[in-house]
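What follows is the residue order along each chain.
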Amino acid sequence: MTDVAVPSDRDALVALFSRSGFVAPEDEADDLIVHAAGDAERLRALVERRLTGEPLPWITGHMQFCEIEVRVDPGVYVPRWQSQALAHRAVTLLPPSGTAIDLCTGTGAIARVLSTAHPGARIVATDIDGRAIACALANGVEAFRGDLFAPLPRSLEGCADVVVGVVPYVPTTALALLQRDALAFESPLSYDGGPDGTDILRRVLRDSPRFLRPGGVLLLELGGEQADALRDDMAHLGYDDVIVLLDDEGDVRGVEAVWRSAAST
Ligand SMILES: C[S@@+](CC[C@H](N)C(=O)[O-])C[C@H]1O[C@@H](n2cnc3c(N)ncnc32)[C@H](O)[C@@H]1O
């Protein structure tokens, strides 16, 4: 419970959310009002949850990602708008009847974007967290629970046109710098990439060639100097045509690389 009086009319709710520092107070107020369906007590309870910093999609149960409605269950990582560019890039790279693997899928948002854009493609996904897998399945994703590639059917080996992943890549020492709400509500399992953040990225680089076809593309979200830190590994493992993906501000957001074949190493 908060000690803030929770208003029930829209304007006062928008004003409260503005004072509380929310970036989209009108949208948040409207979402909660719709979700409360005219029940004032329910609206009060929803607003109180939101004022604790609980993610809005956990409260309403859904959000938009790449203009697609995605179900978001409590406890499951909330897809970030910054990952939309990577999802769009994966759509561009995937042939209409190709095969894609979405590692660390969370809600299954990226897999859903891919299958919506390419209904004839096969999209499979994995996540280590059972709540994420339940959510991804509810979003219509063919999802398997387990560590990275481990739970995938062996029949997919050598077949993937695209392997995409928003895997944990935050350096352990930087976890404390994450937004307060992320730390308070989301699991460190979603973020912690080891001492320099590249532990899981490196494992994905190493294991992807088993599932990529020659000429298939690996697409990973990362940040800072991580793309440079991975360059030697990529060259050694047979990746080339490496592209570092930047956002509109010029910040590093991802890396893309074509896997040729082990023989080219
Ligand atoms: C940053 S979230 C990304 C989720 C989703 N791709 C998205 O963008 O919304 C990372 C996800 O990786 C999962 N995860 C962490 N370690 C994993 C592992 N070793 N194997 C598979 N999934 C893992 C977490 O459960 C979490 O759902």
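1. Some words on the packing of helix H9 (residues 199–207) against helix H10 (residues 226–237)
- Where H9 contacts H10, the two axes come as close as 10 Å, and the packing angle between them is 20°. With respect to each other, H9 and H10 are oriented roughly parallel. Where H9 crosses over H10, the handedness of that crossing is right-handed. The segment H9 lies against H10, with Leu201, Arg202, Leu205 and Arg206 engaging Gln226, Leu230, Asp233, Met234 and Leu237.
- The residue makeup of the contact of H9 with H10, split by class, is five nonpolar, one polar and three charged.

2. Considering the domain arrangement of the protein
- Domains assigned within the protein are domain 1 (10–52) and domain 2 (81–264).
- The distance between the C-alpha centroids of domain 1 and domain 2 comes to 34 Å.

3. Notes on the pairing of strand S8 (residues 239–246)
- In this sheet, strand S9 (residues 252–259) lies alongside S8 in antiparallel orientation, the contact comprising six bridges. Residue pairing in the sheet places Val244 in a bridge with Val255 of S9.
- Once S8 ends, the chain turns through five residues before running back antiparallel as S9, passing Gly250 with a positive phi of about 85°.

About the cut-offs
- Residues numbered from 1 in each chain as written.
- Predicted model: local features only at pLDDT ≥ 70, side-chain atom pairs only at ≥ 80, totals over all residues.
- Axes fitted to C-alpha atoms, helices over the stretch in contact; angles between N-to-C directions.
- Helix = DSSP H or I, 4+ residues; strand = E, 2+ residues; numbered from the N terminus.
- Parallel < 35°, antiparallel > 145°, perpendicular 65-115°, else oblique.
- Left-handed = near helix turned anticlockwise from the far one by under 90°.
- Contact = placed C-beta atoms within 7 Å.
- Nonpolar A, V, L, I, M, F, W, Y, C, P; charged D, E, K, R; others polar.
- Domains from an automatic or database assignment.
- Pairing = 2+ DSSP bridges.

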